[in-house]
Amino acid sequence: MKRFGLLLVVCFAFATFSVAQNNIVKSLERTVPGQGKVTIHQDARIGALIGSEYTPAGTEERKVIKSSGFRLQVYAGNNTREAKNEAHSVASRVKERFPDLTVYTFFNLPRWLCRAGDFRSIEEADAMMRQLRATGVFKEVSIVKDQINIPL
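(A) The packing of aromatic side chains, seen in detail. Under the criterion given, the structure shown has one aromatic pair. Taking the centre distance of 5.4 Å and the plane angle of 55° together, the rings of F107 and W112 count as tilted. For F107, a relative accessible area of 37% corresponds to the partly exposed category. Among the residues examined, W112 registers a relative accessible area of 15% and is labelled buried. Taking the ring centre of Y104 as reference, the NZ or CZ of R71 above it sits at 3.7 Å.

(B) The sheet that holds strand β3 (residues 111-119), seen in detail. Taking strand neighbours across the sheet as the criterion, the four strands line up as β2-β3-β1-β4 in an open arrangement whose pairing is antiparallel. The outermost strands of the open sheet, each flanked by one partner alone, are β2 (103-108) and β4 (142-151). Going from strand to strand, the sheet's axes swing by 40° on average, the running direction of each strand aside. Bridging between strand β1 (residues 64-76) and β4 involves 10 bridges; their strand directions are antiparallel. Residue pairing for β4: Q73 is matched across the bridge by S142. Against the sheet, helix α4 (residues 81-97) makes contact with β1, β2 and β3, and its axis sits at roughly 20° relative to β3, the strand it touches most. Where helix α5 (residues 122-134) meets the sheet, its contacts fall on β1, β3 and β4, and the angle it forms with β1 comes to roughly 30°.

(C) Expanded view of the pattern of salt bridges. Applying the stated rule across the entire model yields six salt bridges. For R71, the salt bridge is made with D146, and the minimal N-O distance between the two is 3.4 Å. Linking R71 in strand β1 with D146 in strand β4, this pair joins segments that are 75 residues apart in sequence. R93 is paired through a salt bridge with E86; the nearest N and O atoms lie 3.1 Å apart. A network of salt bridges, in which partner residues are shared, links R71, R115, D118 and D146.

Thresholds, definitions, all that
Residues numbered from 1 in each chain as written. Predicted model: local features only at pLDDT ≥ 70, side-chain atom pairs only at ≥ 80, totals over all residues. Heavy atoms only, no water. Phe/Tyr/Trp six-rings, centres within 6.5 Å; stacked < 30°, edge-to-face > 60°. Buried < 20%, exposed > 50% of the residue type's maximum accessible area, 1.4 Å probe, protein only. Lys NZ or Arg CZ within 6 Å of the ring centre and 35° of its normal. Pairing = 2+ DSSP bridges. Helix = DSSP H or I, 4+ residues; strand = E, 2+ residues; numbered from the N terminus. Axes fitted to C-alpha atoms, helices over the stretch in contact; angles between N-to-C directions. Contact = heavy atoms within 4.5 Å. Salt bridge = Lys/Arg side-chain N within 4 Å of Asp/Glu carboxyl O.

Written out as structure tokens, the structure reads:
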């Protein structure tokens, strides 16, 4: 019974100590005999941010898992400025016709690429490829194996 009481007191003391030090600033400002005291002068807005996850202003942060899957390659050019402009142009045309489809435009040595979608199966990718080709605008669409983003 004495051990149970001692265990209960130790757990209570630990919980009180950990709640009192809920962030780094408070743990630094505590007074420790023989070690001095640290005083931190800062804006209250900084203190409010400590312990919270940083999200850049104006961005919509999505949590995703990287996985093996398929994407549709809508454009592949060379490494010129015209190819870069064309890749971005194709990306905007895809977004215009299919706003829910995620589009990726990037440079993968030695060419500019525009890929669309995050498909787990080749059947899903094939169905979307047929829709893209049916518009008559995207004729050279192909399915490629790629790392895809699966939203959480």
